[in-house]
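# Structural overview
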Amino acid sequence: MPSVPIHPPNPPATKAPSPLPPILHTPTGLAILELQSTIHFAPGAMEEDGITPIGRLEFPESVMTGEWDGKSVWAYIGEHQRMRGEVKKLKTPLGILKRKTVGEPPSEGVEGEELEIAEIVKYKIIFSERPEPVS
Amino acid sequence: MTQPNAYTVPIAYSTIQTPIRLIELPPALLDLVTSPNPPTLHLKSLPPVPHPTTANPQPHAYLTTPTQTFTIRQVSSSNNTFLLRHADHTRVTTHYPPSIDPLNPPEPEIREETALTSILTSTTTSHLEVLPYSPNPVATLRKMVPAYSDLYTPAPLYGSKETLFLDVPLSRLQFEQGWKEALCFEDTIQVVDEDGDSTTRTCIWRLDPLLTLRVLKMLEEFRLSEGLSWSLEPRVIEDFREMFSEDGSAATRWMPGMVETIIRNVMEGNVHRFTARMALEILSEHGAISVDKLKKGWLDYLPETMRAGAEAWTDEKLVELVKGYSESPTARSVKFVEPPELLVVEGGAAKGAVKKGKWHEKFAAQRK
């Protein structure tokens, strides 16, 4: 039976920057977004640097004043579509498992594989409604 | 159309996707991994079954902490879950100013806009559900580790205690408890390979009832004759080894691991407990026996010096002593049974037991 070690989270000394509302902030800046859809790219649309813009998330101004209810968030995809979403608290927090960056020889495990919990997230942004057209 | 005074965050997709898995963290696990000195967890999995059936299902994967074990189940979703990582990203756009003279259009403007961007760097359609699981470490190890009565029958389990630990779905604490209670030990044997070369290999066994009771009597008789104390000191062990070499019978081959395990249990005050259990296993091999017969047989197996006190025990006390390894078909009879595979949690079913009919009950309730 292979045994793979899972190392606990190792939060950075300083919090990573995040443009998302404070409720979604985590020490490493990672967050989760859930879509009941698939993102498609037109041929030739992918950028050369590997990072292809797909749109923007839009939060109401009340995000910055602390009065935001967590429900109003829009995802604008491309030029002509948007979806309504919300920030939901997860019933059970999720650990994000990644392969551990190996700097030293691994202590145990199958063929040197080690995992780590990169982050623990307690909230997710979820878009479960159908996209609607925008001009 | 952007809402007035909206707060916007650009999102982008990374063509280089990093593989991730999402794993649930129930309260016990969450507290553990967020504690000041969190331990390393371990993921253990059995090899997949090529053609799983109801009788031989795909085995679980297990998550172990230093003290607990959980089973893991993959739950798929029709939704895509993306991991967002944030970084400054410069977006280059081309703007075409309005032209007054169509014959001399102005040069397009190249604009660079840098903003902290949410980048979708990983995608998954499933997560790992973590479920409570209470294995009985003794049952697990008794199933895996052969009882030693002879070097090659049953076939030895090659490996060390540590390699065995990697192969069992138990936490370290559960494994150590099971190792001790199942009376397991390590020893080395000489193995001749196909080329005729002899090598030393470490093997794992657990105490065999009949051989153990016989060896216990030998050790006690020798100890009394030589005026030795029960001890694990090397000089005492050496004295016992010499006694074995003089005995010369194949059935009492010197196995230091076996002898040390017997001595350790005597020193820890467990002699009545493990000998009663062994006597029950031997005497009820062909069916249940009376408690009276168990008591008589057990006292016969015990060295004379260890019978004191046990002779005065009541039947109820003796039945209590073998609890966990016995069942009583009638009020006056008892039979050896293997310990249950799962521990029963107080007030509920065994953790890890499958709740049958759950989905049918759920849909039936919804139809009402």
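In the annotation of an unreviewed UniProt entry, the entry for chain B reads Sister chromatid cohesion protein Dcc1, and the organism field reads Ascobolus immersus RN42.

The name given to chain A in an unreviewed UniProt entry is Chromosome transmission fidelity protein 8, with Ascobolus immersus RN42 as the source organism. Entered under Subcellular location (unreviewed entry) in the UniProt record, the comment concerning chain A runs "Nucleus".

## Let's talk about the nonpolar core
Ranked by size, the top nonpolar core spans 64 residues in total, and within it B:Leu141, B:Leu219, B:Phe240, B:Met258, B:Ile262 and B:Trp298 carry the most contacts. The two domains that each donate at least three residues to this core are domain 2 (211–268) and domain 3 (271–340) of chain B. Once you skip the residues sitting within four places of it in the chain, B:Trp298 turns out to touch B:His272, B:Thr275, B:Ala276, B:Ala279, B:Leu283, B:Ala310, B:Trp313, B:Leu318 and B:Leu321. Core analysis: the next-biggest nonpolar cluster, separate from the first, contains 24 residues, A:Leu24, A:Val63, A:Ala75 and A:Val87 among them.

## Some details on the interface of chain A and chain B
Between chain A and chain B, the residue contacts involve 59 residues of the former and 56 residues of the latter. Counting each side, the surface lost to burial between chain A and chain B is near 5100 Å², with a carbon and sulfur contribution of 64%. Counting the contacts that link chain A with chain B gives 17 residue pairs in polar contact (both at pLDDT 80 or more). Of the residues contributing to the side of chain A that touches chain B, the split by class is 37 nonpolar, 13 polar and nine charged. Summarising the sheet, strand E5 (residues 81–99) of chain A and strand E2 (residues 21–24) of chain B pair through four bridges and their orientation is antiparallel. Across the sheet, A:Leu94 pairs through a bridge with B:Glu24, a residue of E2(B).

## Examining the pattern of salt bridges
Two side chains bearing opposite charge may form a pair once their charged atoms approach each other closely. All told, the structure shown has 20 salt bridges over all chains when counted by the stated rule. In this structure, A:Arg56 engages A:Glu58 in a salt bridge whose closest nitrogen and oxygen atoms are separated by 3.3 Å. Residue A:Arg56 is classed as partly exposed on the basis of its relative accessible area of 23%. Accessibility expressed as a relative area gives 1% for A:Glu58, which makes it buried. A salt bridge links B:Glu341 to B:Lys143; the shortest N-O distance between them is 2.9 Å. On the criterion of sequence distance, the pair formed by B:Glu341 in the loop between strand E13 (333–336) and helix H11 (358–367) and B:Lys143 in helix H2 (residues 137–144) is long-range, its members being 198 residues apart. Each of B:Lys161, B:Glu162, B:Arg172 and B:Glu176 takes part in a single network of salt bridges with overlapping partners.

## Thoughts on the domain arrangement of chain B
All names here are of chain B. The domain boundaries assigned to chain B delineate domain 1 (11–46 + 59–133), domain 2 (211–268) and domain 3 (271–340). Each partner contributes residues to the interface: domain 2 has 10 residues there, and domain 3 has 13 residues. Interface area, domain 2 with domain 3, both sides summed: about 900 Å², of which 79% is carbon and sulfur. On the domain 2 side of the interface with domain 3, the three residues burying the most area are Leu213, Leu216 and Lys217, jointly 57% of the side's total. One can count zero salt bridges joining domain 2 with domain 3.

## Focus on the packing of aromatic side chains
Per the stated rule, a full pass over the model turns up 11 aromatic pairs over all chains. Within the aromatic cluster, the residues linked to one another by ring pairs are B:Tyr148, B:Phe185 and B:Trp205. One residue, A:Arg56, lies across the ring of A:Tyr76, its end atom 4.2 Å from the ring centre. The lysine or arginine in question, B:Arg172, covers the ring of B:Phe165, its NZ or CZ lying 3.9 Å from the ring centre.

## Brief notes about the environment of A:Lys98
Its place among the elements puts A:Lys98 in strand E5. Between the C-alpha atom of A:Lys98 and that of A:Ala13, which follows or precedes it by 85 residues, the distance is 20 Å. If sequence neighbours within four positions are ignored, A:Lys98 has contacts with A:Glu114, A:Leu115, A:Glu116, A:Ala118, B:Thr18, B:Ile20 and B:Leu83.

## Digging into the state of the cysteines
All names here are of chain B. Applying the stated criterion across every chain, the model contains zero disulfides over all chains. Cysteine 184 takes part in no disulfide bond, and the closest cysteine sulfur to it belongs to cysteine 203, at a distance of 13 Å. Judged by relative accessible area, which is 4%, cysteine 184 ranks as buried. Overall, the relative accessible area of 0% leaves cysteine 203 in the buried class.

Definitions and cut-offs
Residues numbered from 1 in each chain as written. Chains lettered and ligands numbered in written order. Predicted model: local features only at pLDDT ≥ 70, side-chain atom pairs only at ≥ 80, totals over all residues. Heavy atoms only, no water. UniProt positions renumbered as here; feature names shortened; annotations may be inferred. Core = buried A, V, L, I, M, F, W, Y, C linked by side-chain atoms within 4.5 Å. Buried < 20%, exposed > 50% of the residue type's maximum accessible area, 1.4 Å probe, protein only. Domains from an automatic or database assignment. Contact = heavy atoms within 4.5 Å. Buried area = accessible area lost by both parts, 1.4 Å probe. Polar contact = N/O pair within 3.5 Å; in protein donor to acceptor, adjacent residues only side chain to side chain. Nonpolar A, V, L, I, M, F, W, Y, C, P; charged D, E, K, R; others polar. Pairing = 2+ DSSP bridges. Helix = DSSP H or I, 4+ residues; strand = E, 2+ residues; numbered from the N terminus. Salt bridge = Lys/Arg side-chain N within 4 Å of Asp/Glu carboxyl O. Phe/Tyr/Trp six-rings, centres within 6.5 Å; stacked < 30°, edge-to-face > 60°. Lys NZ or Arg CZ within 6 Å of the ring centre and 35° of its normal. Disulfide = S-S within 2.5 Å.

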